[in-house]
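Commentary on secondary and tertiary structure
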Amino acid sequence: MSASLTIAGLASLAARRDAQRRRVCRLYRKALHHTLDWVIFREPFYKEASKLRARFDVNKDVVDVDAIERLIVKGEAEFKKFQHPEPYAVPWSPEGVTYARNPPLPAEVVVVKDWGREDWSTH
Amino acid sequence: WGLLGRRWMSAPAQDGISEKEALDRVMMIVKAHPKVNPAKLTQSSHFMNDLGLDSLDVVEIVMGFEEEFVLYIPDEVADKLVSVPAAVDFVAKHPKAK
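Along each chain, residue indices are assigned from 1 in the same order as the chain's sequence is written. Written order decides the labels, with chains lettered from A and ligands numbered from 1. Per-residue local features of the predicted model are confined to residues with pLDDT of at least 70, and side-chain atom pairs are confined, for both listing and counting, to 80 or more; whole-chain, interface and lining totals are unaffected and use all residues. Think of the side-chain values as coming from all heavy atoms in the structure, minus any hydrogens and water.

Per an unreviewed UniProt entry, chain B is named Acyl carrier protein, and its organism is Selaginella moellendorffii. Under the Sequence similarities (unreviewed entry) heading, UniProt states for chain B: "Belongs to the acyl carrier protein (ACP) family." According to UniProt, the comment filed for chain B under the heading Subcellular location (unreviewed entry) is "Mitochondrion". UniProt positions are given in the numbering used here, feature names are shortened, and annotations may be inferred rather than shown by experiment.

Following this line, the structure appears as structure tokens:
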């Protein structure tokens, strides 16, 4: 504990806690998305989300960095066990179904519509 | 003829949404969060500093944005959406925001 009382020690401790905070937020985010994937309907989802938030809030006031680390590792292992096998992703996103489905044509390709039939408004 | 233009069968133009609409909808989503006090909410509120929200509450609000505007927000970008102007900026500039 004496190492953490120096200025450099405190700075590295703060950096570690910041990294842990980010990890917790990302775990919560993924857990929320996957909860919505398992529980498709909104009302049960709100109940399950409240339960999940309560579970996260139980450990809100833990200060010891190592204890937080252990909790995060436990949480991530549990997430890995209960994640949804086919999570929903927005279609155009990299994990979605229409990703790169109709990419824009390269600039060299010129679409020439010279029969007039493509111009429906003239009918 | 009833067809007003030749795009009626194809996907609509993906230009995103205007700033004003983005602001209205973002404020609506933030207001809907149970821990937010609507009286304190302004156009330039910071979620954690002004509204006193937790980082997990911010995660919930960002998920609300993802669902409302049908967006994919990667983790690195989501870390930066910590205030109303940042969120409005992101949504208004996104080409695929619905």
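Right, let's get into the overall build of chain A. The secondary structure content of chain A amounts to 3 helices and 0 strands. Its helices and strands taken in sequence order, chain A reads α-α-α from the N to the C terminus. Classification of the 123 residues of chain A by burial places 24% in the buried group. The contact definition used throughout considers only heavy atoms, calling two residues in contact when any of these lie within 4.5 Å. Considering only intrachain contacts with a sequence separation of at least 6, the fraction spanning at least 24 residues in chain A is 57%. Each accessible area is a Shrake-Rupley result for a 1.4 Å probe, and residues are judged covered by the shown protein chains and nothing else. For chain A, the accessible surface area stands at approximately 9,700 Å², while carbon and sulfur atoms represent 61% of it. Here a strand is any run of E in DSSP of at least two residues, a helix any run of H or I of at least four, and the numbering for each starts at the N terminus. Three exposure classes are used, based on accessible area relative to the maximum for each residue type with a 1.4 Å probe and protein chains only: buried under 20%, partly exposed in between, and exposed over 50%.

For the rest of this paragraph, the subject is the environment of Val 77 of chain B. Tracing the backbone shows Val 77 of chain B in helix H3 (residues 75-78). When the C-alpha positions of Val 77 of chain B and Phe 90 of chain B are compared, they lie 9.2 Å apart, and in sequence the two are 13 residues distant.

Our next topic: a nonpolar patch on the surface. Residues and elements named next belong to chain A. A cluster of nonpolar residues, Leu 105, Val 109 and Val 111, forms a patch on the protein surface that exposes about 280 Å² of accessible area. Structurally, Val 111 can be placed in the segment after helix H3 (65-82). Accessibility expressed as a relative area gives 53% for Val 111, which makes it exposed. For patch building, the residue pool is restricted to those with more than 30% relative accessible area and no salt bridge; the joining distance is 9 Å between like charges and 5 Å between nonpolar side chains (Val, Leu, Ile, Met, Phe, Trp, Tyr). Put simply, a salt bridge is a Lys or Arg side-chain nitrogen that is within 4 Å of an Asp or Glu carboxyl oxygen.

Looking now at helix H1 (residues 19-32) of chain B. Residue and element names in this part refer to chain B. An expected span of 1.5 Å times one less than the residue number is assigned to each helix. Here H1 spans 20 Å end to end across 14 residues, near enough to the 20 Å set by a 1.5 Å rise per residue. Restricting attention to buried positions, one finds in H1 the residues Ala 22, Leu 23, Arg 25, Val 26, Met 27, Ile 29 and Val 30. Contacts from the buried residues of H1 go to helix H2 (55-69) and helix H4 (84-93).

As a further point, take the nonpolar core. Within the largest apolar cluster, 28 residues are counted, with the highest numbers of intra-cluster contacts made by Val 26, Val 30, Phe 47, Phe 65, Phe 69, Val 84 and Val 91 of chain B. Those elements giving two or more residues to this core turn out to be H1, H2 and H4 of chain B. Non-local contacts of Val 84 of chain B, meaning those with residues more than four positions away in its chain, are made with Leu 23, Val 26, Met 27, Leu 41, Thr 42, Gln 43, Ser 45 and Phe 47 of chain B. Ranked by size, the runner-up nonpolar core spans 15 residues in total, among them Ala 31, Val 39 and Phe 79 of chain A together with Leu 56 of chain B. The criterion is simple. A nonpolar core is a set of buried Ala, Val, Leu, Ile, Met, Phe, Trp, Tyr and Cys residues joined through side-chain atoms within 4.5 Å.

With that settled, the discussion passes to H2 of chain B. Each α-helix turn comprises 3.6 residues. Residues three or four places apart therefore point the same way. Along its 15 residues, H2 of chain B runs 21 Å from first to last C-alpha, staying within 8% of the 21 Å computed at 1.5 Å per residue. Counting buried residues along H2 of chain B, 11 of its 15 residues qualify, which places the element largely inside the surrounding structure. For H2 of chain B, the set of buried residues is Ser 55, Leu 56, Asp 57, Val 58, Val 59, Ile 61, Val 62, Met 63, Phe 65, Glu 66 and Phe 69 of chain B. Elements that come into contact with the buried residues of H2 of chain B comprise helix H1 (7-38) and helix H2 (42-58) of chain A together with H1, H3 and H4 of chain B. A positive phi of about 50 degrees marks Val 70 of chain B, the residue just after H2 of chain B.

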